[in-house]
Amino acid sequence: MNILVLASSPRGGGVQVAVSVIRNLRRFSNDFFLVCASDAVRGELAATDAASNVKICDIPKTPGFFRLFSRNPGLDDLVREYRIDAVFTVFGPSYWRPKVPHLCGFAIAHYVYPDSAFSRRRSFKERVCIGLKKIVQLHSFRRDTDALVVENPDVTERLRKIFPGKPVETVWNCYNQVFDHPETQKEHPLPKFRGTTLLTVSAFYPHKNFPVLVGAAEYLATHHPDSDFRFVLTLTPDAFPVPEKLKRHFIFTGKVKIEECPSLYRQADLMILPTLLECFSASWAEAMKTGVPILTSDLPFARGICGGAAVYFDPLSPEDVAGKIFDLSGDPARRAVLAERGKERLRLFDTPETRTEKYIALVKSIAESVRAKKATG
């Protein structure tokens, strides 16, 4: 089968998922893949990622007004030129209706969790803008796809209610395959430290709720002055302000390469993610893989993914975040239990290889289903 893979993610976790999928396409030697990739995705791919059954090209430039009509003449030309049988968009919306069957990934959490604390924090103007964007994007998902695929079973059930009658399947996200290959990893040494190191690997997005960590640090410094702790964040120092008196408790590494992430986890005592909204975060899976206990938000999407492998806190309460940090830091037995539960929980997730296998199987299944419906009228 000839499959077009649309990998248009501009940044963040979507780029890592796309890169992981592309690197695994070589395993499907009986199929041909034309990959239309964003600059961010192409920038992560090395020359060694090339395979004889994979051709990587830029996404054709298309005037914005074509999106209103689900048109992309450049992509349509590629479908004809390479005799494409089906399209897989890693994460949509695509704003394009291919003339062949189309499976599309969905990972826009605030559309399926409209009552989240993050949404309530938005200004009236922001809510109006998001509401208008939601109408346009959900219309594209409804109009331009034959089926959707998501990373979290809870999102699957919610999305089926939003799109009744449209197939919605689950393929679990996972850690990057670099965690399975020590020979590809690179060291990122942190300053020596005897206290508790809390790691957050993420780009800066408002829904990640990073400023609550400043409040938690201030509470710990005030109420537990003998505790020694530091937050290691893969952000730049200008991401959010930290009072001078607390700066010694924060290390801002800036953006790190995925090959350096395993090294950061090996130097961490705890992984903390105070997020207010997710479909899935690879950070949870990465912590489980490396045996680092998880502290995260007490919200349905987090519990659905982490289960009993995490300690949960109120992400809107710096005091509760600080309390959970203090308690877990002083309880090595509980940390060991959480690490073991994380490894057990990880068995529910896909691996980078099985994730790609399931994506390709779904593409082929959807294509067969669409053709069967057309054949029967």
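Definitions and cut-offs
Residues numbered from 1 in each chain as written. Predicted model: local features only at pLDDT ≥ 70, side-chain atom pairs only at ≥ 80, totals over all residues. Heavy atoms only, no water. Pairing = 2+ DSSP bridges. Helix = DSSP H or I, 4+ residues; strand = E, 2+ residues; numbered from the N terminus. Axes fitted to C-alpha atoms, helices over the stretch in contact; angles between N-to-C directions. Phe/Tyr/Trp six-rings, centres within 6.5 Å; stacked < 30°, edge-to-face > 60°. Buried < 20%, exposed > 50% of the residue type's maximum accessible area, 1.4 Å probe, protein only. Contact = heavy atoms within 4.5 Å. Polar contact = N/O pair within 3.5 Å; in protein donor to acceptor, adjacent residues only side chain to side chain.

Asks: How do you make sense of the sheet that holds strand β13 (residues 310-313) when you look at a structure like this?
Replies: Sheets are built from strands that pair by backbone hydrogen bonding, the pairs being arranged parallel or antiparallel. Across the sheet, six strands lie side by side as β10-β9-β8-β11-β12-β13; this open sheet has parallel pairing. A strand with exactly one partner marks an edge of an open sheet, and here the two such strands are β10 (250-252) and β13. Each strand axis lies, on average, 25° off the axis of its neighbour in the sheet, ignoring direction. Of the strand pairs in this sheet, strand β8 (residues 196-200) and strand β9 (residues 229-233) are connected by five bridges, and their pairing is parallel. Paired with Leu 198 across the bridge in β9 is Phe 231.

Asks: Help me understand the packing of aromatic side chains, please; the structure alone is not making it clear to me.
Replies: The way to describe two aromatic rings as a pair is by their centre distance and the angle between their planes. Summed over the entire model, instances satisfying the criterion amount to 18 aromatic pairs. On the basis of an interplanar angle of 25° and a centroid distance of 6.0 Å, the ring pair of Phe 204 and Phe 210 is categorised as stacked. What makes Phe 210 buried here is its relative accessible area of 1%. Residues Phe 231 and Phe 250 carry aromatic rings whose centres are separated by 5.2 Å and whose planes lie at 25° to one another, so their mutual orientation is stacked. Placement of Phe 231 in strand β9 and of Phe 250 in strand β10 is noted, with a sequence separation of 19 residues between them. For the pair shown, Phe 231 and Phe 250 are each scored as buried.

Asks: Quick question: what am I supposed to make of the side chain of Thr 356 here?
Replies: With respect to the helices and strands, Thr 356 occurs in helix α14 (residues 352-375). Excluding anything up to four places from it in sequence, Thr 356 contacts Ser 20, Val 21, Asn 24, Leu 25 and Phe 28.

Asks: Help me out: how do you make sense of the sheet that holds strand β6 (residues 147-150) in this one?
Replies: With parallel pairing, seven strands are arranged side by side in an open sheet as β3-β2-β1-β4-β5-β6-β7. Strand pairing shows two members of the sheet lacking a second neighbour, β3 (54-58) and β7 (168-170), which therefore form its edges. Neighbour to neighbour, the strand axes of the sheet diverge by 20° on average, direction disregarded. Pairing between strand β1 (residues 2-7) and strand β4 (residues 86-89): four bridges, direction parallel.

Asks: How should I be thinking about the environment of Thr 234 in this particular structure?
Replies: Tracing the sequence through the fold places Thr 234 in the loop between β9 and β10. Residue Thr 234 is classed as buried on the basis of its relative accessible area, which comes to 8%. Each residue touching Thr 234, except ones within four places of it in the same chain, is listed here: Thr 200, Val 201, Ser 202, Thr 253, Gly 254, Lys 255, Val 256 and Leu 264. Side-chain polar atoms of Thr 234 contact the backbone nitrogen of Ser 202, separated by 2.8 Å.

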